[in-house]
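Here's the letter readout for the chains.
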Amino acid sequence: MAFYKKLSTGWQYRISYKDANGKYREKSKKGFKTKAQAQSAAMEAELLLKKNSFVNRDQSLLDYYKTWAKVYKKPHVAERTWKKYEQTQKHIETYFGNTLLRDITPTRYQEIVNLFTSKYSQETADNFHYHIQSAVRIAVREKVIDTNFCDGAVVKSNINKKAIENKFLEETEYLKLIEDSYSKSQYASYFLIYLAAVTGMRFGELLGLTWDNVDFNNKMLHLDKSFDYTDSKEFIPLKSKSSKRSIPIDRKTLNLIQKRRDKEEFNSSQNRIIDGVSNAAVNKIIKKIVNRPVTIHSLRHTYASFLISKGVDLISVSQILGHENLNITLKVYAHQLENLKNKNNDRIRNIFDDFGRISDERV
């Protein structure tokens with residue numbers, strides 16, 4: 001409710017209201033020439049206060065992030081992914097403390113990012129920035145703050161990240177690994193390596209495969225779960241909703257899976273296709289085959305890169321990998337797209353060369 005008073009300097013309004021925390025506060029302004037002007041200004045102020053009365057603008061980034069992560073992420077991501085969000089929470093506590101959201105400017109945020117990237121790898125820095133940016137985006141939508149101070153930030157780690165060549169195998173290395181792992185596929189570790197190489201699946205997804213995931217008629221693998229190989233040793237949800245997908249497999253691979261199913265000793269109590277394989281052992285074998293420090297995850301990157309080099313469209317590659325959106329695929333495989341540029345330039349030239357020949361023949 002507004003109250004009005006005539007002063008020697010003009011009319012004044014005074015408004016009493018409750019803030020988002022339930023505390024009574026007062027807002028006033030004076031210097032209006034007429035009471036009507038004071039009433040009009042008071043009405044506008046009351047509408048604005050009413051609009052913001054349910055919004056707590058005194059929240060710290062840390063407190064808001066905790067709530068956001070719990071509501072928007074925890075119910076929808078795998079436990080190992082949730083741990084990354086918890087790690088970001090610890091980083092926020094370290095670098096921001098109890099700084100209020102409304103007190104963080106783009107420049108201040110960039111200063112903290114610069115400090116963070118001087119100590120952490122690019123992958124960790126990307127997670128840190130992406131998590132905070134996503135939370136703050138919701139804060140803007142809820143009108144806790146007006147703009148997202150993360151937008152436009154430059155996130156570039158000064159720490160030498162894992163060499164790009166160790167994330168991908170050369171085509172000759174890739175094909176040799178497929179051949180070697182296939183020839184020893186009677187052993188679970190080699191069988192898993194082979195499947196990883198020809199499907200691009202994550203390690204936990206491979207361990208989570210059960211016989212009902214194999215569609216022999218349509219030559220597909222239908223992924224619906226993963227496996228927690230570090231803690232519970234139980235089935236867990238996939239990394240994200242988009243990770244639930246179907247992957248095409250060739251006849252040779254299908255026959256290999258069929259042979260494995262026909263051998264009773266490979267049928268685990270959980271109906272899993274692959275059992276008793278450790279990440280460390282698999283990585284050791286891959287390193288031995290390739291003769292450099294590539295990992296099981298390198299096979300996922302190489303699989304996708306190989307498909308792109310063979311002309312498979314990015315949307316299909318993104319869906320097969322289970323990426324949440326196409327931007328992730330574009331970011332990870334930008335180098336491969338660059339390699340394809342000349343090849344695609346030649347394809348474009350050939351398209352119009354053919355068009356030109358057809359036109360000439362008609363003349």
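**Focus: the nonpolar core**
Part 1 of the reasoning: Membership of the largest hydrophobic core comes to 49 residues, with the highest contact counts inside it found for Leu177, Leu192, Ile286 and Leu299.
Part 2 of the reasoning: Within the residue set of this core, elements represented by two or more residues are helix 6 (171-183), helix 7 (188-199), helix 8 (203-207), helix 9 (251-262), helix 10 (279-290), helix 11 (296-309) and helix 12 (314-321).
Part 3 of the reasoning: The contact partners of Leu177, leaving out residues within four places of it in the chain, are Leu169, Ile193, Ala197, Ile286, Ile289, Val290 and Leu299.
Part 4 of the reasoning: Ranked by size, the runner-up nonpolar core spans 30 residues in total, among them Trp68, Tyr95, Phe116 and Phe128.

**Some details on unusual backbone geometry**
Part 1 of the reasoning: Backbone geometry places Lys143, a non-glycine residue, at a positive phi of 65 degrees.
Part 2 of the reasoning: With respect to the helices and strands, Lys143 occurs in the loop between helix 5 (122-141) and helix 6.
Part 3 of the reasoning: Classification of Lys143 as partly exposed rests on a relative accessible area of 40%.
Part 4 of the reasoning: With a phi close to 70 degrees, Asn291 is a non-glycine residue in the positive phi region.
Part 5 of the reasoning: Within the secondary structure layout, Asn291 lies in the loop between helix 10 and helix 11.
Part 6 of the reasoning: With a relative accessible area of 67%, Asn291 lands in the exposed category.

**Describing the sheet that holds strand 3 (residues 24-32)**
Part 1 of the reasoning: The three strands lie next to each other as 1-2-3, forming an open sheet whose pairing is antiparallel. Edge positions in the sheet fall to strand 1 (2-7) and strand 3, since each has one partner strand and no second. In this sheet, adjacent strand axes meet at a mean angle of 20 degrees when their direction is disregarded.
Part 2 of the reasoning: With eight bridges joining them, strand 2 (residues 10-18) and strand 3 adopt antiparallel strand pairing. Following the sheet pairing, Lys18 is matched in strand 3 by Tyr24.

**A word on the packing of helix 6 against helix 10**
Part 1 of the reasoning: The interhelical angle for the contact between helix 6 and helix 10, taken along N-to-C directions, is 120 degrees, at an axis separation of 10 Å. Accordingly, the angle class assigned to the pair helix 6 and helix 10 is oblique. The chirality of how helix 6 crosses helix 10 is right-handed. Contact residues: helix 6 offers Glu173, Lys176, Leu177 and Asp180, while helix 10 offers Ile286, Ile289 and Val290.

**Some points on helix 3 (residues 79-95)**
Part 1 of the reasoning: Compared with an ideal rise of 1.5 Å per residue, which puts 17 residues at 24 Å, helix 3 spans 25 Å between its outermost C-alpha atoms and is within 8% of the ideal.
Part 2 of the reasoning: Summarising the contacts, the buried residues of helix 3 are in contact with helix 2 (61-73), helix 4 (106-117) and helix 5.

**Section: the pattern of salt bridges**
Opposite charge on two side chains permits them to pair, given that their charged atoms come into close proximity.
Part 1 of the reasoning: Scanning the model with the defined rule gives eleven salt bridges in all.
Part 2 of the reasoning: Notably, a salt bridge pairs Arg202 with Glu205, separated by 2.7 Å at the nearest N-O pair.
Part 3 of the reasoning: Overall, Glu205 belongs to the buried group, its relative accessible area being 1%.
Part 4 of the reasoning: Each of the salt bridges in this network shares a partner with another, and the network as a whole consists of Asp58, Arg102 and Asp103.

Calculation notes
- Residues numbered from 1 in each chain as written.
- Predicted model: local features only at pLDDT ≥ 70, side-chain atom pairs only at ≥ 80, totals over all residues.
- Heavy atoms only, no water.
- Core = buried A, V, L, I, M, F, W, Y, C linked by side-chain atoms within 4.5 Å.
- Buried < 20%, exposed > 50% of the residue type's maximum accessible area, 1.4 Å probe, protein only.
- Helix = DSSP H or I, 4+ residues; strand = E, 2+ residues; numbered from the N terminus.
- Contact = heavy atoms within 4.5 Å.
- Pairing = 2+ DSSP bridges.
- Axes fitted to C-alpha atoms, helices over the stretch in contact; angles between N-to-C directions.
- Parallel < 35°, antiparallel > 145°, perpendicular 65-115°, else oblique.
- Left-handed = near helix turned anticlockwise from the far one by under 90°.
- Expected span 1.5 Å × (residues − 1).
- Salt bridge = Lys/Arg side-chain N within 4 Å of Asp/Glu carboxyl O.

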